Amino acid sequence: MPSDIVIVGGGVAGIAAAVVAARSGCSVTLLDSGSAVGGQYYRGAKSPESGSGLSYEALRRAFDELVVARGIDRRLDTYVYSLARRDSGFVVRTRGDDRHRGDVDVLESRAVVIATGAFDKQLPFPGWTLPGVMSGGGAQALVKGSDVLPGQRIVVAGTGPFLLAVTYALISAGGNVIAVVEANDPVGLARHAWSVLPAAGKSADLAKFVTALAKKRVPYLRRHRVRRASGTGHLESVTISRVDGDWRGIAGSERIWECDALAIGYGFTAQTDLAGQVGARMRIGSDGGLAVEVDERQRTSVPALMAAGETTGIGGVDLARMEGLIAGVAAVEQCGRQAALSDAAIARGMRDVLKLRRFADALHFAFPVRDGWRDDVDDQTLVCRCEEVSASKVRGAVSDLGARDARSVKLLTRAGMGWCQGRICAPAVDALCRFDSAASLIGGSYRPVAVPVPLGAIAAES
Amino acid sequence: MSREVVFRFDGAPYPGRDGQTIAAALIDHGILSWRRTRVDDQPRGILCGIGVCFDCLITVNGEPNVRACMTGVEDGDDLRSQEGTGYAQ
Amino acid sequence: MNPDVVVIGAGVVGACCARACVEAGLTVVVVDRGAVAGGTTGGGEGNILVSDKEPGPELDLALLSRELWAQMAGSLGDSFELDPKGGLVVATHQHTLDYLLRFADEQRACGVIAEPVAATDLPDHEPRISRDLAGGVLYPQDMQVQPMLAAAHIIEAACATGRTTLMTDCAVTGIDVDASGAVSGVRTAQGVISTRHVINAAGTWGGEIAALAGVELPILPRRGFILVTEPLPPLVRHKVYAADYVANVASDNAGLETSAVIEGTHSGTILIGASRERVGFDKTLDWHVLGRLAKQAIEIFPLLAEVQLLRTYGGFRPYCPDHLPVIGPDPRVPGLLHACGHEGAGVGLGAATGHVIAQWITGASTSIDLAPFSPARFGASHVA
């Protein structure tokens, strides 16, 4: 029985879209790869006690009620490996979690909302493959999802306000964060992002983080970067140094810190795989990363396909929630129904999206990724972790073998051909090869199989 | 308080908690790596921690290449570290 | 710029043409509208096969080509993973086996090494193979290369001689002729290159290049998908394929045909082909086709059922109505030579193609009679 709407991703954007769609009388299927809804930000928290208006808490309570009252088909531990168009609708192919990866299913729907979120952007550096080096999001997931600290002495590094969120989560759980290493100088933030913070309702969050750091006396080093991770078999120390405005290391400023965990991230990469499978138009976001292009109603270039949240460009949890609401409205209208959200609320939501998007742009402007990191990537440093392709091989594909874009580097070196299909290394390959990032990033982003699936399972479909 | 579970890692028993991921349960015991790569024979643990990078692959009850970061630990799990492709030569 | 030869297309065939011309003492410019190996070559598997060729001119070309590939691999230091793994063709039923054995008899008469393998002996060659097969034939001469690396390293070696220039992201916009109608130059996005010889090595897009010179070449795309698994230990030793494959290659059916072709690669992944459809340049993924390929592969190697699919890619074979490539001078435009339309065998036949093209340009007698491959066989129609 086809649904009116399939929503991929049960984070805040997907929840918001599902609530609007179900309230409007559409049949809704919501798929999420996790074992609970809430996404990376809310991480499976139990249904909140209170919450009003269109807050997450209120939406989450409404969602849980609608699962019962309106029969939202909520499928957890479910991955979408393929999205395809059929006639005027979509075919969504799913599989179970890694213990049940052969449990495949084929769903059909009139409209689809993609709300698949994002993951930390990594830049290669010597030693980054050592166990103990992990993404900021990974460290946060350990502590928020499993109540486990990543190590005894933790360094948080990279760039962006997310480092503060990670640190806050770690120290709140009793973690020993020995320093936060920020490559940019967020004093420059004063001129840009601070000015829009109150409007975006973000100042409370940041104040909470900063207060917590100060209370625990966690040093916050600006214009510093982790240059190297060292250890035998696992992380034992990091080398940090001051960096200039282009992120080039300043000689003589190196220091070595003993630590057993490094949580690192240089912004985020939007998860655009499913949109790419159906040929939705992409854009380069203000952070330089790939994003799904949407109009003011969250409609992509593909008819009946909506996108919301980080997949349309990195912008944070509040933007994701508002985009989810608007995407839900667009999906409802696509199904020929009247959205159960007042015109005034929709108009307000669209205004909020614009305001929050401006705030996100300002943050990206204040926390850019500068080129100096490339100087640290020596020949032996792996760029593609899956296929173990070194920087010298990647650079050689360009200098010796005529590679001119990400796809040809991949074909010639195998960088991006492994388990992760280049999701981790694609931005780094483009930057190291100095490709025109728009064309090359888009060209390299087509992934026909969004998550591995057993051959026996797809054979059964034939 | 979540229920205690017992799993094995490379033969030895360890306590864990229901609702934890396999990665978290191992890291909780100071085990940071459970895979060696097939080209350079290097140790790996978690990187992205949220299911994207596939660096944290582990063998669970004989099934190779399971993502430790996305899979909840279950009572009685037999976890084995992996070499290379995760399959016997 | 005034090279002896302009090669259009930086895939394997273009690379082999450039190399052979340079070795014959000519100067060469290779132009491609995209990157090296970005077209037909980048969508292929890298087969160097004699096993799937019926006796005739294509088999002669294939036998010559595999010798030349082995020589090239020797002189280029194994930079492109040449693997003389051999082919194992298997039959699921007795009647297919009977056909296969007769086919092998004919091939043997033409110099192909083809060794019948009884069903009970198949596991000696492929330990993981299904025990439900009727039998097969072993073809020790079949080989495989990594085609993208092959194209890139062959071109790099040609460039290193100083007598080849590579121009990528350089679309050809026209082919100029002089008052006599002979080739005088190639117009590109980066300017005009004066030359007396143009080699059309544009693979599936060879017809479009021919049209720029005012002649028609009936090359059509025949779509194929390849499944790529997770990396595995060496479980599949040979290129193993079902005997139906040979019939499908030779078929004129425009509809979907699939027959399992399974092989391991240096990186550990297993590649599974081969589907054939004439659907134009439509790259839309078809899970029905992928499912059929998976099912047929599992019939031959049951353990593949548990193995995960990591990715899939599609490509377009440059297909001529009579399944033969177009190799040699075009009588309608002096100086225009074709080296395209190899269908799924461009990598395998590439080395010999370059070899005979260079022989023809330098006036040497060609190792193989080019008449069966001549564009004249399609009739002498010019594009209006």
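Residues numbered from 1 in each chain as written. Chains lettered and ligands numbered in written order. Predicted model: local features only at pLDDT ≥ 70, side-chain atom pairs only at ≥ 80, totals over all residues.

Trainee: I'd like a description of the overall build of chain A, backed by residues and values.
Mentor: Looking only at helices and strands, chain A has 15 helices and 22 strands in total. A globule of 462 residues ought to have a C-alpha radius of gyration of about 23 Å, and chain A, at 22 Å, matches this closely. Residue burial in chain A is summarised as follows: out of 462 residues, 61% are buried. (Helix = DSSP H or I, 4+ residues; strand = E, 2+ residues; numbered from the N terminus. Rg over C-alpha atoms; globule rule 2.2 N^0.38 Å. Buried ≥ 20, exposed ≤ 12 C-beta atoms within 10 Å, placed from the backbone.)

Trainee: Please give an account of the overall build of chain B that cites residues and values.
Mentor: On a plain count of helices and strands, chain B comes out with one helix and eight strands. Listed N to C, the secondary structure of chain B is β-β-α-β-β-β-β-β-β in terms of helices and strands. Radius of gyration (C-alpha) of chain B: 12 Å, near the 12 Å computed for a compact globule of 89 residues. Along the first, second and third principal axes, the C-alpha atoms of chain B reach 40 × 25 × 20 Å. Scored against the burial criterion, the 89 residues of chain B give a buried share of 54%. Taking as baseline every contact in chain B between residues at least 6 positions apart, the subset at least 24 positions apart corresponds to 41%. (Contact = placed C-beta atoms within 7 Å.)

Trainee: Got a sec to walk through the sheet that holds strand β19 (residues 336–340) of chain C? Specific residues and values, please.
Mentor: Residues and elements named next belong to chain C. Spatially, the six strands line up as an open sheet ordered β8-β2-β1-β12-β19-β18, and their pairing is mixed. In the strand order of this sheet, the two ends are held by β8 (164–167) and β18 (326–329), each with one partner. Looking at each pair of strands side by side, their axes are set apart by 20 degrees on average, direction ignored. Relative to β19, β18 runs antiparallel, the two being bridged by four bridges. Bridge pairing in β19 places Val 326 opposite Cys 340. Each of β1 (5–8), β2 (28–31), β8, β12 (197–200) and β19 is contacted by helix α1 (residues 12–23), which is oriented at about 170 degrees to β2, the strand it contacts most. Its contacts with the sheet put helix α9 (residues 346–361) on β1, β12, β18 and β19, and the angle it makes with β18 is roughly 15 degrees. (Pairing = 2+ DSSP bridges. Axes fitted to C-alpha atoms, helices over the stretch in contact; angles between N-to-C directions.)

Trainee: Describe the interface of chain B and chain A, with residues and values.
Mentor: Chain B puts 31 residues into the contact, and the matching count from chain A is 31 residues. When residues of the side of chain B that touches chain A are traced back to their parent elements, those giving at least two are α1 (22–28), β4 (43–44) and β6 (63–67) of chain B. Ranked by the residues each element gives to the side of chain B that touches chain A, the list is headed by α1(B), at three residues.

Trainee: Lay out the nonpolar core in plain terms, naming residues and giving numbers.
Mentor: All names here are of chain A. Counting residues in each nonpolar core, the largest one holds 319 residues, and the members touching the most others are Ala 17 and Leu 262. Ranked by the residues each element gives to this core, the list is headed by helix α9 (residues 317–334), at 11 residues. Setting aside residues up to four positions removed in sequence, Leu 262 forms contacts with Gly 132, Val 133, Val 155, Ala 157, Val 226, Ala 229, Leu 235 and Val 238. (Core = buried A, V, L, I, M, F, W, Y, C linked by C-beta atoms within 7 Å.)

Trainee: Let's hear about the interface of chain A and chain C: which residues, and what values?
Mentor: Between chain A and chain C, the contact holds 28 residues from the first and 34 residues from the second. Looking at the side of chain A that touches chain C, the element that brings in the most residues is helix α15 (residues 455–461) of chain A, giving five residues. Split into classes, the residues belonging to the side of chain A that touches chain C amount to 14 nonpolar, six polar and eight charged. Bridging between strand β22 (residues 453–454) of chain A and strand β17 (residues 308–319) of chain C involves two bridges; their strand directions are antiparallel. (Nonpolar A, V, L, I, M, F, W, Y, C, P; charged D, E, K, R; others polar.)

Trainee: Could you give an account of the packing of α9(A) against helix α10 (residues 343–366) of chain A, with specific residues and numbers?
Mentor: Residue and element names in this part refer to chain A. Running from N to C, α9 and α10 cross one another at 145 degrees; their axes reach a closest spacing of 9 Å. The chirality of how α9 crosses α10 is left-handed. On α10, the residues that touch Asp 318, Leu 319, Met 322, Glu 323, Leu 325, Ile 326 and Val 329 of α9 are Ile 346, Gly 349, Met 350, Asp 352, Val 353, Leu 356, Arg 357 and Ala 360. Its residues placed into classes, the contact of α9 with α10 shows 10 nonpolar, one polar and four charged. (Left-handed = near helix turned anticlockwise from the far one by under 90°.)

Trainee: Could you give an account of the packing of helix α4 (residues 136–146) of chain A against helix α5 (residues 162–172) of chain A, naming the residues involved and the relevant values?
Mentor: Residue and element names in this part refer to chain A. Packing of α4 against α5 leaves a shortest axis separation of 9 Å and a crossing angle of 25 degrees. Taken together, α4 and α5 sit at an angle that is classed as roughly parallel. When the axes of α4 and α5 are compared, the crossing they make is left-handed. Contacts from Gly 136, Ala 139, Gln 140, Val 143 and Lys 144 of α4 reach α5 at Phe 162, Leu 163, Val 166, Ala 169 and Leu 170. (Parallel < 35°, antiparallel > 145°, perpendicular 65-115°, else oblique.)

Trainee: Would you mind going over the environment of Pro15(B) in detail, with residue names and values included?
Mentor: Residues and elements named next belong to chain B. Relative to the helices and strands, Pro 15 resides in strand β2 (residues 12–17). Its 11 C-beta neighbours within 10 Å are what place Pro 15 among the exposed residues. Taking the C-alpha atoms as reference points, Pro 15 and Ala 25, separated by 10 residues in sequence, lie 8.2 Å from one another. With near-sequence residues (within four places) excluded, Pro 15 lies in contact with Glu 4 and Val 6.

Trainee: So, the domain arrangement of chain A: which residues are in play, and what are the values?
Mentor: Residues and elements named next belong to chain A. Domain parsing of chain A yields domain 1 (3–119 + 269–341), domain 2 (122–266) and domain 3 (377–443). Computed from C-alpha atoms alone, the centre-to-centre distance between domain 1 and domain 3 is 31 Å. On the side of domain 3, six residues touch domain 1, which itself brings six residues to the contact. When the residues that make up the side of domain 1 that touches domain 3 are grouped by side-chain class, the tally is three nonpolar, three polar and no charged. (Domains from an automatic or database assignment.)

Trainee: Requested: an account of the sheet that holds strand β13 (residues 220–229) of chain C, with residues and values cited.
Mentor: Read across the open sheet, the nine strands follow the order β22(A)-β17(C)-β13(C)-β16(C)-β15(C)-β14(C)-β4(C)-β6(C)-β5(C); overall the sheet is mixed. Of all the strands in the sheet, just β22 of chain A together with β5 (115–118) of chain C have a single pairing partner and so form its edges. Note that β13(C) and β17(C) share 10 bridges and pair antiparallel. Directly across from Pro221(C), in β17(C), lies its bridge partner Pro318(C). Lying on the sheet, helix α8 (residues 287–300) of chain C is in contact with β4 (87–91), β13, β14 (239–242), β15 (257–264), β16 (270–276) and β17 of chain C; it crosses β15(C) at an angle near 55 degrees.

Trainee: Residues and numbers for unusual backbone geometry, please.
Mentor: Outside of glycine, negative phi angles account for most residues, and trans bonds account for most peptide bonds. A cis geometry characterises the amide bond from Gly273(C) onward to Ala274(C), with omega recorded as -5 degrees. Structurally, Ala274(C) is set in strand β16. A positive phi angle is found at Glu388(A), which is not glycine, with a value near 55 degrees.

Trainee: Before we move on, can you summarise α9(A) with the specific residues and values?
Mentor: All names here are of chain A. Between its first and last C-alpha, α9 extends 25 Å over 18 residues, near the 26 Å set by a 1.5 Å rise per residue. Most of α9 is tucked away: 17 of the 18 residues are buried. Phi for Gly 336, located one or two positions after α9, is positive at around 75 degrees. (Expected span 1.5 Å × (residues − 1).)

Trainee: Give me the lowdown on the confidence of the model for chain B, citing residues and values where you can.
Mentor: For chain B, per-residue confidence averages 96 on the pLDDT scale, and 99% of positions sit at 70 or higher. Reported confidences for the modelled complex are a pTM of 0.94 and an ipTM of 0.97. (pLDDT = per-residue confidence, 0-100.)

Trainee: Pulling in residues and values, what's your account of helix α5 (residues 147–160) of chain C?
Mentor: Residues and elements named next belong to chain C. End to end, α5 covers 20 Å across 14 residues, agreeing with the expected 20 Å (1.5 Å per residue, within 8%). Burial analysis of α5 places 10 of its 14 residues in the buried class, the great majority of the element. For α5, the set of buried residues is Pro 147, Met 148, Leu 149, Ala 150, Ala 151, Ala 152, His 153, Ile 154, Ile 155 and Ala 158. In the stretch just after α5, Gly 162 is the one whose phi turns positive, near 85 degrees.

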